[in-house]
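# Working through the structure, step by step
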Amino acid sequence: MTTRRQFAIQLGSLAALGAAGLSPAARAQALPDLARLLVGFPPGGSADNVARRLAEKLRGAYATNVIVDNKPGAGMQISVSTLKDAVPDGNTLLLSPPAPFTIYPYTYRKLPYTADDVQPVSMVCTFPFALAVGPAVPESVRNVPDFIAWVKANPGKGSFGSPASGSTPHLVGSLLGKLAGVELTHVGYRGDGLGLQDLMGGQISAYSTVLGSLLPHLPSGRLRLLAVSGNERSVFAPNLPTYREQGYALDMTEWFGIFAPAKATGATVQRIAEAVRTAVANPDFVRGLAEFGMTARSSTPRELADRLRAESAEWRVNIKNIGFSADS
């Protein structure tokens with residue numbers, strides 16, 4: 001026979017479970033066993049680091065296990081194509097910068113996907129680009145006008161590197177040359193490692209990349225920051241002026257976002273967006289991204305879609321002005 005006290009305990013337990021929505025066992029059963037987070041870059045880079053921190057926060061909340069699946073190569077075309085062909089059940093996601101959808105349609109003659117093959121879900125973080133110079137440039141060069149004046153006075157020495165030909169940092173550097181009316185010779189690398197070595201070794205004059213890749217090298221004194229590309233100064237380098245402050249209209253902030261297959265249902269997209277929003281707001285995630293000079297930030301699917309359209313229209317004009325083609 002159930003006593004009055006036992007009945008009260010059982011009733012209290014049921015009320016607690018009802019408030020939680022599901023029991024722990026039921027919640028575990030409701031979660032998918034496995035979700036994949038595709039990344040179009042090799043392990044160790046900024047995108048991979050963000051993906052792994054995000055997967056950690058999604059694990060046990062969005063799916064029982066969330067793994068990072070690196071699909072580098074072909075300018076992220078492999079990773080985007082993998083998402084395009086995935087089952088649209090929410091168990092395969094993509095972490096990507098905007099370039100495959102805002103830049104590559106105008107720099108490649110043919111791509112194995114279109115922007116309609118994916119669904120924007122949520123932003124994850126934002127970060128600016130920055131320009132640095134090394135020992136090949138005199139110590140007297142302390143800002144962008146100084147650098148442009150030095151390039152004009154030293155024909156043939158105005159080289160700048162970036163993590164890849166056709167990458168956004170490459171195009172930002174090329175736009176600077178157009179705005180300043182100087183010839184800046186681009187040197188493309190495979191990632192920042194070798195490029196920064198060449199910059200600090202004096203093999204190239206300048207380097208354009210994400211701010212977070214440059215910050216760890218400042219204490220060495222072998223490079224100097226000249227400008228940041230955001231529309232305002234970065235909290236991670238508050239004394240570094242923007243390009244616009246120095247007379248060059250380069251207001252560009254990069255971001256990583258989450259994408260789902262195009263045929264994912266509205267309910268699936270909303271479930272992903274809610275999980276990402278919770279993960280991105282986690283203080284540990286915010287602190288972890290700050291180590292890379294990145295600001296954690298989520299968005300709604302519509303906000304991200306609107307941003308993609310606006311940036312795509314802007315890059316269409318910019319790339320025509322630059323005259324760059326990835327196929328040349």
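Fair warning: this is a prediction, and the values are worked out from it, not measured in the lab.

### Some thoughts on the pairing of strand β3 (residues 92-96)
Counting buried residues in β3 gives five out of five residues, a clear majority hidden from the surface. Residues Thr 92, Leu 94 and Ser 96 line one face of β3 and the alternating positions Leu 93 and Leu 95 line the opposite face, and both faces are buried. Inspection of the sheet shows β3 paired to strand β9 (residues 253-261) by three bridges, in the antiparallel sense. Following the sheet pairing, Ser 96 is matched in β9 by Gly 257.

### A short note on the environment of Gly 202
Relative to the helices and strands, Gly 202 resides in the loop between α9 (192-201) and β7 (206-210). Exposure remark for Gly 202: the relative accessible area of 30% places this residue in the partly exposed category. In this structure the C-alpha to C-alpha distance between Gly 202 and Arg 222, which are 20 residues apart in sequence, comes to 9.2 Å.

### Brief notes about the side chain of Gln 246
Among the secondary structure elements, Gln 246 is positioned in the loop between β8 (224-228) and β9. For Gln 246, a relative accessible area of 14% gives the class buried. Within the local environment of Gln 246, its side chain forms a polar contact with the backbone nitrogen of Val 144, the two atoms lying 2.8 Å apart. Apart from the residues within four sequence positions on either side, Gln 246 is in contact with Asn 143, Val 144, Pro 145, Leu 226, Ala 227 and Pro 241.

### Remarks on helix α4 (residues 77-84)
Summarising burial for α4: six of the eight residues are buried, a large majority. For α4, the set of buried residues is Gln 77, Ser 79, Val 80, Ser 81, Thr 82 and Leu 83. Elements in contact with the buried residues of α4: β1 (34-39), β3, α5 (99-102), β4 (118-133) and β9.

### Some points on the packing of helix α3 (residues 46-58) against helix α11 (residues 266-280)
In the contact formed by α3 and α11, the axes pass within 9 Å of each other and the chain directions differ by 110°. What the angle tells us is that α3 and α11 run roughly perpendicular. Side by side, α3 and α11 meet where Leu 54, Lys 57 and Leu 58 of the first sit next to Ala 275, Val 276 and Ala 279 of the second. Split by residue class, the contact of α3 with α11 holds five nonpolar, no polar and one charged.

### Points about α3
The end-to-end C-alpha separation of α3 is 18 Å, in line with the 18 Å expected for 13 residues at 1.5 Å each. Of all the positions in α3, only Ala 47, Asp 48, Val 50, Ala 51, Leu 54, Ala 55 and Leu 58 are classed as buried. The buried side chains of α3 occupy one side of the element, clustering within an arc of 160° when seen end-on. Of the residues flanking the end of α3, it is Gly 60, one or two places downstream, whose phi is positive at about 85°.

### Some details on the packing of helix α8 (residues 168-180) against helix α13 (residues 301-322)
Interhelical geometry of α8 versus α13 gives an angle of 60° and a closest axis separation of 10 Å. What the angle tells us is that α8 and α13 run oblique. Here α8 and α13 pass one another in a crossing that is left-handed. Facing α8, whose interface residues are Thr 168, Leu 171, Ser 174, Leu 175 and Lys 178, α13 presents Trp 315, Asn 318, Ile 319, Asn 321 and Ile 322. In terms of residue class, the contact of α8 with α13 is built from five nonpolar, four polar and one charged.

### Digging into the pattern of salt bridges
Any two side chains of opposite charge can pair, so long as their charged atoms come close to each other. All chains considered together, the criterion is met by 13 salt bridges. Its salt-bridge partner being Glu 139, residue Arg 142 comes within 2.6 Å of it at the nearest N-O pair. Several salt bridges converge on common partners, so that one network encompasses Glu 56, Lys 57, Asp 284 and Arg 287.

### Considerations on the confidence of the model for the protein chain
Taken as a whole, the protein chain shows an average pLDDT of 90; of its residues, 91% reach a score of 70 or greater. Low pLDDT (under 50) marks residues 1-28, which in the prediction has ten contacts with non-local residues, meaning those over four places away or in another chain.

Cut-offs and rules
- Residues numbered from 1 in each chain as written.
- Predicted model: local features only at pLDDT ≥ 70, side-chain atom pairs only at ≥ 80, totals over all residues.
- Heavy atoms only, no water.
- Buried < 20%, exposed > 50% of the residue type's maximum accessible area, 1.4 Å probe, protein only.
- Helix = DSSP H or I, 4+ residues; strand = E, 2+ residues; numbered from the N terminus.
- Pairing = 2+ DSSP bridges.
- Polar contact = N/O pair within 3.5 Å; in protein donor to acceptor, adjacent residues only side chain to side chain.
- Contact = heavy atoms within 4.5 Å.
- Axes fitted to C-alpha atoms, helices over the stretch in contact; angles between N-to-C directions.
- Parallel < 35°, antiparallel > 145°, perpendicular 65-115°, else oblique.
- Nonpolar A, V, L, I, M, F, W, Y, C, P; charged D, E, K, R; others polar.
- Expected span 1.5 Å × (residues − 1).
- Arc of directions from axis to C-beta.
- Left-handed = near helix turned anticlockwise from the far one by under 90°.
- Salt bridge = Lys/Arg side-chain N within 4 Å of Asp/Glu carboxyl O.
- pLDDT = per-residue confidence, 0-100.

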